Amino acid sequence: MPAPALILFDIDGTLLTRAGPAHKRALEEAVRHVTGRATSLDDVATHGKLDRDLLTLLLTEAGLSQRARRSALPETMRVAQSIYLESSPPSLVDRLCPGVCPLLDTLARQNYVLAVVSGNLTAIGWRKLELSGIRHYFQFGAFSEQATTRALLARTAIRQARRQRLVLRTTPIAVIGDHANDVHAAHSNQVHAIATGTGLGSTEELRAACPHLFVENLTALRVSDLTTLFALPIAARTKP
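In this report, we go over the structure that sits alongside the text.

Rules of the game
- Residues numbered from 1 in each chain as written.
- Predicted model: local features only at pLDDT ≥ 70, side-chain atom pairs only at ≥ 80, totals over all residues.
- Heavy atoms only, no water.
- Core = buried A, V, L, I, M, F, W, Y, C linked by side-chain atoms within 4.5 Å.
- Buried < 20%, exposed > 50% of the residue type's maximum accessible area, 1.4 Å probe, protein only.
- Helix = DSSP H or I, 4+ residues; strand = E, 2+ residues; numbered from the N terminus.
- Lys, Arg positive; Asp, Glu negative; His and termini not counted.
- Salt bridge = Lys/Arg side-chain N within 4 Å of Asp/Glu carboxyl O.
- Contact = heavy atoms within 4.5 Å.
- Axes fitted to C-alpha atoms, helices over the stretch in contact; angles between N-to-C directions.
- Parallel < 35°, antiparallel > 145°, perpendicular 65-115°, else oblique.
- Left-handed = near helix turned anticlockwise from the far one by under 90°.
- Nonpolar A, V, L, I, M, F, W, Y, C, P; charged D, E, K, R; others polar.
- 1 Å grid on protein atoms, 1.4 Å probe; cavity = no way out; pocket = protein on both sides within 12 Å on 5 of 7 lines; lining within 4 Å.
- Points joined across faces, edges and corners; volume = space filled by probe spheres on them.
- Pairing = 2+ DSSP bridges.

## Digging into the nonpolar core
So, step 1. Of all hydrophobic cores here, the largest spans 54 residues; its most connected members are Ile7, Phe9 and Phe138.
So, step 2. With six residues, the single largest contributor to this core is helix 3 (residues 66-87).
So, step 3. By size, the runner-up hydrophobic cluster in this structure holds 29 residues, among which are Leu8, Ala147, Ala195 and Phe214.

Encoded structure:
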């Protein structure tokens, strides 16, 4: 039987909330390791941003030219992942957003294809899912090294699912996220956008992005909601 749908989940703010300082510190320490200069994200709004963009910002703060930043970025991303793997907390189970495990379990049992589309670097994203006990639900992921925008990351994931024949070209697709950028990524790829109000941003801003469906948290999202959503034309969006 073909999969009922492909569901692409964001991680931070959607599956996990406030995963601790280790991630941010890994990015800062990576820049210090590569450039020898201390930088900080303490005054930066990181919500909804890609790790590669945050590292570029820090490399700029460290005084690197545009050319030098491009040259240093791959090594900085590698080092950041290594640092996080060495310094990550022992568990993130207590950081799971409401309703995550029951929803993932239900979707997996009904043969939905589940994947992640995250602004995290690859090793950081997968380690967070391992530490929260939900890694096994996801068949693949698209992460910060793979594209320059969240919309392109979603496109990368969709193409991978089709290339691996996990889904058909006619299979419904949804992006679930907590930030307006997740909603915009869904719209850019002409797939369904589901917004959850568990992130750091305002509900008003999230609704203003016009998701097809908004829920306060994933406890409120049911398979019947997905079935109804996928039966609607893709252009049918909720009002802000």
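## Examining the side chain of Arg69
So, step 1. Mapped onto the elements, Arg69 comes out in helix 3.
So, step 2. Asp53 provides the closest opposite charge to the buried, unpaired Arg69, separated from it by 9.9 Å.
So, step 3. Apart from the residues lying within four places of it in its own chain, the contact partners of Arg69 are Thr56, Leu59, Thr60 and Leu64.

## A look at the packing of helix 2 (residues 51-61) against helix 3
So, step 1. Their axes nearest at 10 Å, the elements helix 2 and helix 3 cross at an angle of 125°. By the angle between their directions, the pair helix 2 and helix 3 is classed as oblique. Viewed along their axes, helix 2 and helix 3 form a crossing whose handedness is right-handed. Judged by residue contacts, Arg52, Leu55, Thr56, Leu59 and Thr60 of helix 2 engage Arg69, Ala72, Leu73, Thr76 and Met77 from helix 3.
So, step 2. Of the residues that constitute the contact of helix 2 with helix 3, the class distribution is five nonpolar, three polar and two charged.

## Topic: the layout of surface pockets
So, step 1. Taken as a whole, the largest pocket encloses approximately 680 Å³ of empty space.
So, step 2. Lining of the largest pocket is provided by 33 residues; of these, Asp12, His23, Thr46, His47 and Leu200 occupy positions nearest its centre.
So, step 3. Those elements that provide at least two residues to the lining of the largest pocket are helix 1 (22-35) and helix 2.
So, step 4. A per-element tally of the lining of the largest pocket places helix 1 first, with three residues.
So, step 5. The class makeup of the residues in the lining of the largest pocket is nine nonpolar, 13 polar and 11 charged.

## What to know about the sheet that holds strand 6 (residues 213-215)
Within a sheet, each strand pairs with its neighbour through backbone hydrogen bonds, oriented either parallel or antiparallel.
So, step 1. An order of 3-2-1-4-5-6 is seen for the six strands of this open sheet, with the pairing classed as parallel. Looking at which strands have only one partner, the edges of the open sheet turn out to be strand 3 (140-142) and strand 6. The sheet shows a mean angle of 25° between the axes of neighbouring strands, direction not considered.
So, step 2. In the sheet, strand 2 (residues 113-117) pairs with strand 3 via three bridges, with the strands oriented parallel. When the sheet's bridge partners are listed, Ala115 is paired in strand 3 with Phe140.
So, step 3. In the packing of helix 7 (residues 180-188) onto the sheet, contacts are made with strand 4 (173-177) and strand 5 (192-196), and the angle to strand 5 comes to roughly 170°.
So, step 4. Relative to strand 5, helix 9 (residues 223-230) is tilted by about 145°, and along the sheet it contacts strand 1 (6-9), strand 4, strand 5 and strand 6.

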